[in-house]
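# Fold and contact review
Here are the chains, one letter per residue:
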Amino acid sequence: MTAAIGTDIDWAASLIASGGLVAFATETVYGLGANAFDARAVARIFEVKERPQFDPLIVHLGDAAWLSGVVLSVPPLARLLIDTFWPGPLTLVLPKTERIPDLVTAGLPTVGVRMPSHPSALALLQLAKVPIAAPSANVFGHVSPTTAQHVAEQLGERIDYILDGGPCTVGVESTILDVSGEQPTLLRPGGLPVEVIEAMIGPIRVAGSTSGQKEPQLSPGRLSRHYATRTPLTIADRDRTPPAERRIGLLTLVAKPGDERYAAVEVLSLGGDLSEAAANLFAAMRRLDARGLDGIEARLVPESGLGRAINDRLRRAVRRSDESPAC
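Residues numbered from 1 in each chain as written. Predicted model: local features only at pLDDT ≥ 70, side-chain atom pairs only at ≥ 80, totals over all residues. Heavy atoms only, no water.

## Side note on the side chain of Ser174
Along the chain, the position of Ser174 falls in the loop between strand S8 (161-163) and strand S9 (175-178). A relative accessible area of 3% places Ser174 in the buried class. Look past the residues within four positions of Ser174 in its chain and what remains in contact with it is Thr28, Ile58, Pro89, Leu90, Thr91, Arg114, Arg188, Pro189, Gly190, Gly191 and Arg313. (Helix = DSSP H or I, 4+ residues; strand = E, 2+ residues; numbered from the N terminus. Buried < 20%, exposed > 50% of the residue type's maximum accessible area, 1.4 Å probe, protein only. Contact = heavy atoms within 4.5 Å.)

Here you go:
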């Protein structure tokens with residue numbers, strides 16, 4: 001049976017409290033949520049998403065006061081970031097309490113926590129009265145969902161309910177910052193630009209990607225291959241003309257002369273606005289993927305602000321034509 005799509009937050013909260021799986025909107029992407037304290041419910045997330053257990057989940061909080069039940073301590077730097085940027089698209093990695101099952105954190109002693117700003121997500125958390133562990137609500141490794149219909153297309157027959165909160169306004173996942181050690185470390189660029197954080201706390205160390213071996217990941221979104229379309233995606237060469245014998249689609253920030261040579265074109269922002277481009281990114285990738293093309297070429301955007309997160313997703317989505325679409 002396909003999960004219903006609706007706006008009944010009370011019903012969604014009761015499902016979470018009783019061990020169910022609910023997809024819900026955040027400002028970043030739709031998440032697939034379960035009670036973070038319920039190891040059996042969390043195990044269903046991994047099963048439904050076909051997600052390897054070495055990839056940890058983010059725990060969503062309905063109030064910053066909930067931190068005491070989830071993390072062991074909140075250092076002054078983390079407190080400053082929380083007071084400034086929560087609720088919002090910033091995940092902080094901190095030492096976890098024993099109440100958080102090891103399955104949530106891939107066996108690591110730390111957990112990623114954030115407080116979403118989407119009103120529907122906050123209402124769900126506060127009604128469920130428990131932290132919610134939630135990765136993106138899609139099959140592991142594929143394009144993240146930014147509408148309820150995106151969730152239904154991939155996971156509709158596997159989950160209990162889809163709480164429709166409308167299109168996601170940020171459109172890329174949260175920025176993840178490890179503040180569990182002496183030096184803050186960027187694990188994943190995302191919806192809060194790194195420059196904004198550095199303006200407050202100074203330079204941030206950047207962690208490299210991992211190859212996809214089965215060691216526990218420090219956070220979600222760090223595998224070198226992720227966010228994959230089924231159609232092979234490559235980074236566009238600015239001087240390249242698409243071959244006439246193949247149907248190639250183009251993903252671009254703004255339209256340029258000559259783009260009509262492509263079989264299909266998705267423009268992320270008519271005015272070149274990176275916030276608008278981020279909000280449109282995953283939906284545009286999905287539309288191109290549904291066109292039956294031979295390939296997709298994506299142009300990188302300026303590497304500043306949200307452009308850093310956009311380019312990160314595009315680089316991780318790159319796949320050769322002889323590779324499997326699954327990541």
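Let's pick the thread back up.
## What about the pattern of salt bridges?
Counted by the stated rule, this structure contains 12 salt bridges. Residue Arg313 pairs with Asp312 through a salt bridge whose shortest N-O separation is 2.9 Å. The residues Arg313 and Asp312 share a single accessibility class, namely buried. Between Arg316 and Asp312 there is a salt bridge; the shortest N-O distance is 2.8 Å. Of the two residues, Arg316 and Asp312 are both situated in helix H8 (residues 307-317); the distance of four residues between them amounts to about one turn of the helix. (Salt bridge = Lys/Arg side-chain N within 4 Å of Asp/Glu carboxyl O.)

## Observations concerning the packing of helix H7 (residues 274-289) against H8
For the pair H7 and H8, the least separation of the axes is 9 Å and the interaxial angle reads 20°. Our classification of the angle between H7 and H8 gives roughly parallel. Classified by chirality, the crossing of H8 by H7 is left-handed. Between H7 and H8, the contacting residues are Leu274, Ala277, Ala278, Leu281, Phe282 and Met285 on the first element and Gly307, Ile310, Arg313, Leu314 and Ala317 on the second. When the residues that make up the contact of H7 with H8 are grouped by side-chain class, the tally is nine nonpolar, one polar and one charged. (Axes fitted to C-alpha atoms, helices over the stretch in contact; angles between N-to-C directions. Parallel < 35°, antiparallel > 145°, perpendicular 65-115°, else oblique. Left-handed = near helix turned anticlockwise from the far one by under 90°. Nonpolar A, V, L, I, M, F, W, Y, C, P; charged D, E, K, R; others polar.)

## Details of the sheet that holds strand S4 (residues 58-60)
Strand order in the open sheet made by the 11 strands is S1-S8-S2-S3-S7-S4-S6-S5-S9-S10-S11, with mixed pairing throughout. Each of the sheet's edge strands pairs with one partner strand only, and the pair in question is strand S1 (4-6) and strand S11 (205-206). As paired elements, strand S5 (residues 90-95) and S9 share four bridges and run parallel to each other. Along S9, the bridge assignment pairs Thr91 with Ile176. (Pairing = 2+ DSSP bridges.)

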